[in-house]
Amino acid sequence: MTQQLSPAAQAVLDAAVGAYEPNVIYEHQISIAAALRAAADQVVPMALCIYNDDFVCVRHQLHAIADELEAQ
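Attention here is on the structure that accompanies the text.

## Section: the overall build of the protein chain
Here is step 1 of the chain: Per the secondary structure count, the protein chain includes 4 helices and 0 strands.
Here is step 2 of the chain: Written out in order from the N terminus, the α and β elements of the protein chain read α-α-α-α.
Here is step 3 of the chain: Residues counted as buried form 24% of the 72 residues belonging to the protein chain.
Here is step 4 of the chain: Within the protein chain, contacts between residues at least 6 apart in sequence are counted, and of these 54% link residues at least 24 apart.
Here is step 5 of the chain: A total of about 5,200 Å² of accessible surface is found on the protein chain, and carbon and sulfur atoms cover 60% of it.

Set out below in structure tokens:
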């Protein structure tokens, strides 16, 4: 049995899947997680995280959502 997603991860998944078909089975979670992780890495590269805790928090939150989607 899979665990329920957090509201943040569910919102990301719904937005991504809803762009294609509203009733499609969530089978693309790994791809969505990879895209989210890549976007986080581009928007908040590690070099920025060294100097700014806010960037670390944003990057960490985006990666946490990706982790959650991959675990489903």
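## Comments concerning helix H2 (residues 29-43)
Here is step 1 of the chain: Relative to the 21 Å expected for 15 residues at 1.5 Å per residue, H2 spans 21 Å between its end C-alpha atoms, a close match to the ideal helical length.
Here is step 2 of the chain: Inspection of H2 places Gln29, Ile32, Ala33, Leu36, Arg37 and Ala40 among the buried residues, and these make up the whole buried set. For H2, the angular spread of buried residues about the axis comes to 135°, placing them on one side. More than 90 degrees from the buried face of H2, the exposed residues found are Ile30, Ser31 and Gln42.

## Considerations on the nonpolar core
Here is step 1 of the chain: Leu5, Ala9, Leu13, Val17, Ile32, Ala33, Leu36, Ile65, Ala66 and Leu69 together form the largest nonpolar core, which totals 10 residues.
Here is step 2 of the chain: When residues of this core are traced back to their parent elements, those giving at least two are helix H1 (7-18), H2 and helix H4 (53-71).

## Points about H1
Here is step 1 of the chain: For H1, spanning 12 residues, the distance from its first C-alpha to its last is 16 Å, which sits close to the expected 16 Å at 1.5 Å a residue.
Here is step 2 of the chain: Listed in full, the buried residues belonging to H1 are Ala9, Leu13 and Val17. The buried residues of H1 all sit within an arc of 55° when viewed along its axis, so they share a single face. When the buried face of H1 is taken as reference, the exposed residues oriented beyond 90 degrees from it are Pro7 and Ala15.

Reading the values: rules and limits
Residues numbered from 1 in each chain as written. Predicted model: local features only at pLDDT ≥ 70, side-chain atom pairs only at ≥ 80, totals over all residues. Heavy atoms only, no water. Helix = DSSP H or I, 4+ residues; strand = E, 2+ residues; numbered from the N terminus. Buried < 20%, exposed > 50% of the residue type's maximum accessible area, 1.4 Å probe, protein only. Contact = heavy atoms within 4.5 Å. Areas by Shrake-Rupley, 256 points an atom, 1.4 Å probe, with all protein chains shown as cover. Expected span 1.5 Å × (residues − 1). Arc of directions from axis to C-beta. Core = buried A, V, L, I, M, F, W, Y, C linked by side-chain atoms within 4.5 Å.

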